[in-house]
Amino acid sequence: MMKFVKLAAVLAAGAVAMGSVANAKTLRLNHNNPEDHPLHKSMEHMAEKLEEATGGDLKIRIYANAQLGTQRESMELMQNGSLDMARSNASELEAFEESYGALNLPYIFVDADHYYDVLSGDIGSDILAASEDKGFVGIAFYIEGARSFYANKEIHSPADLEGMKIRVQPSPSAIRMVELLGGNPTPIAWGELYSALQQGVVDGAENNPMALTSARHGEVSKVYSNDGHTMIPSVVMISSKTWNELSDEHKQALTKAARESMDFHREQWDAMSAAAVETAKTELGVKFIEVEKGPFIEAVLPMHQEAAEKSAVVSDLIDRIKASAPQ
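Residues numbered from 1 in each chain as written. Predicted model: local features only at pLDDT ≥ 70, side-chain atom pairs only at ≥ 80, totals over all residues. Heavy atoms only, no water.

Asks: Explain the overall build of the chain to me, please; I cannot follow it from the model alone.
Replies: When its secondary structure is counted, the chain shows 14 helices and 11 strands. A compact globule built from 327 residues would reach a C-alpha radius of gyration of about 20 Å, and the chain, at 22 Å, matches this within 12%. Over its C-alpha atoms, taken along the principal directions, the chain stretches across nearly 90 × 45 × 35 Å. For the chain, the residues scored as buried account for 51% of the 327 residues in total. Contacts spanning at least 24 positions in sequence make up 76% of the contacts within the chain whose residues lie at least 6 apart. Computing the positive centroid from 29 side-chain charges and the negative centroid from 47, the chain places the two 6 Å apart. (Helix = DSSP H or I, 4+ residues; strand = E, 2+ residues; numbered from the N terminus. Rg over C-alpha atoms; globule rule 2.2 N^0.38 Å. Buried < 20%, exposed > 50% of the residue type's maximum accessible area, 1.4 Å probe, protein only. Contact = heavy atoms within 4.5 Å. Lys, Arg positive; Asp, Glu negative; His and termini not counted. Charge placed at Lys NZ, Arg CZ, Asp CG, Glu CD.)

Asks: What should I look at first to understand the packing of aromatic side chains in this one?
Replies: The geometry of an aromatic ring pair is captured by the separation of the ring centres together with the interplanar angle, meaning the angle of the planes. Summed over the entire model, instances satisfying the criterion amount to four aromatic pairs. Where Y100 meets F141, the ring centres are 6.4 Å apart and the plane angle is 65°; that geometry is what we call edge-to-face. Here F141 lies in strand β4 (residues 136–142) and Y100 lies in the loop between α4 (90–93) and α5 (112–120), a separation of 41 residues in the sequence. An aromatic cluster of three or more residues is present, and its members are Y150, Y224 and F288. (Phe/Tyr/Trp six-rings, centres within 6.5 Å; stacked < 30°, edge-to-face > 60°.)

Asks: Help me understand the nonpolar core in this model?
Replies: Soluble, globular proteins show a tendency: their nonpolar side chains are buried together. Counting 77 residues, the largest nonpolar core has M46, I60, Y100 and L103 as its most contacted members. At seven residues, helix α11 (residues 248–282) tops the list of elements feeding residues into this core. In contact with I60, not counting residues within four places along its chain, are T26, L27, L29, M46, A47, L50, M85 and L254. Grouped together as the second largest cluster of nonpolar side chains are 14 residues, Y150, L193, A196 and V220 included. (Core = buried A, V, L, I, M, F, W, Y, C linked by side-chain atoms within 4.5 Å.)

Asks: Explain the environment of I108 to me, please; I cannot follow it from the model alone.
Replies: Relative to the helices and strands, I108 resides in the loop between α4 and α5. Apart from residues lying up to four places away in sequence, I108 is in contact with A102, L103, H114, H304, I318, I321 and K322.

Asks: What exactly am I supposed to notice about the pattern of salt bridges here?
Replies: Two side chains bearing opposite charge may form a pair once their charged atoms approach each other closely. Taken as a whole and judged by the stated rule, the model has 13 salt bridges. Among the ionic pairs, D113 bridges to R266, the shortest N-O distance being 2.7 Å. Note that D113 is positioned in helix α5 and R266 in helix α11, a separation of 153 residues in sequence. The class of D113 is partly exposed, set by a relative accessible area of 47%. (Salt bridge = Lys/Arg side-chain N within 4 Å of Asp/Glu carboxyl O.)

Asks: Looking at this structure, I do not really get a negative patch on the surface. What am I missing?
Replies: Negative charge collects at one region of the surface, where E35, D36, E44, E48 and E52 lie side by side. Structurally, E44 can be placed in helix α2 (residues 38–53). (Patch = residues over 30% accessible without salt bridge, like charges linked within 9 Å, V, L, I, M, F, W, Y side chains within 5 Å. Areas by Shrake-Rupley, 256 points an atom, 1.4 Å probe, with all protein chains shown as cover.)

Asks: Help me understand the packing of α2 against α11, please; the structure alone is not making it clear to me.
Replies: How two helices pack is summed up by the angle between their axes together with the distance between the axes. Two numbers describe how α2 lies on α11: the axes approach to 8 Å, and their chain directions differ by 150°. Taken together, the axes of α2 and α11 lie roughly antiparallel to each other. Every pair of crossing elements has a handedness; the one defined by α2 and α11 is right-handed. Taking contact as the criterion, the partners of P38, L39, K41, S42, H45, M46, K49, L50 and A53 in α2 are, on α11, A253, L254, A257, A258, E260, S261, F264, H265, Q268, W269 and M272. Residues of the contact of α2 with α11, tallied by class, amount to 12 nonpolar, five polar and three charged. (Axes fitted to C-alpha atoms, helices over the stretch in contact; angles between N-to-C directions. Parallel < 35°, antiparallel > 145°, perpendicular 65-115°, else oblique. Left-handed = near helix turned anticlockwise from the far one by under 90°. Nonpolar A, V, L, I, M, F, W, Y, C, P; charged D, E, K, R; others polar.)

Here it is, written out as structure tokens:
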């Protein structure tokens, strides 16, 4: 009899375990960076924290290098519920949800601390939640440092950009910024940019220094002009359809894991970005120059007023962001 009771207990435990496996859910997350990129590592950190918090009932499988589609394709798949999660950035998301436009304005942040305080506080939370009716919900911001111009010539002032074809993301803010600075904005997909720079389809691009090494752009663009015009974060999102299918407990666990990964990402970004600059200098021969930002700021400042006049939502966010700046 005792042997039967023990056997029944073992079978019951096995049934519970099998039921847990059967109820487990794995979310697919697509992004376009390589696996050694800080963004990928931060998403892995989020996945680990989520699996740990849910006892394996909710997992994330991460697809790097745009395995499931480009950023734009990922957005469309996520909006219709065919893809659970994606990573894009505020520049591209502006076309899907106007709130992100406030983050794309040049020189809207006074420094890195102001930038992170906005993203990790109430303003950031409001922006992440604003798109649920658009088919996706933001769950985390990952900083990517300041963006500057890189090409095969030094860019010391807006006059140096005159007539240059500059690759930009398909963002109204990015296009307008380059126009005001005298350049010719040219939207090109990220995966096509290396060859576009190499073949002269564009004369330059703008991004953070990591692009020089992770995408090897330092092989074909030898001058990085540090004007720091924008600080545009990456955004990790989940399909509204998938989000609404999660239990409250799983929503809370995912939100907490995402928030923890934001801090993790900030800690590793600065070190890896500094290492990328050193690699670009020593191994790729990229020259880094500091520029006087005043003329750049003056040229693009009208964008703040233009954005405010177009949207009451963006206007309110601009006011809140500026009011939160350290005095």
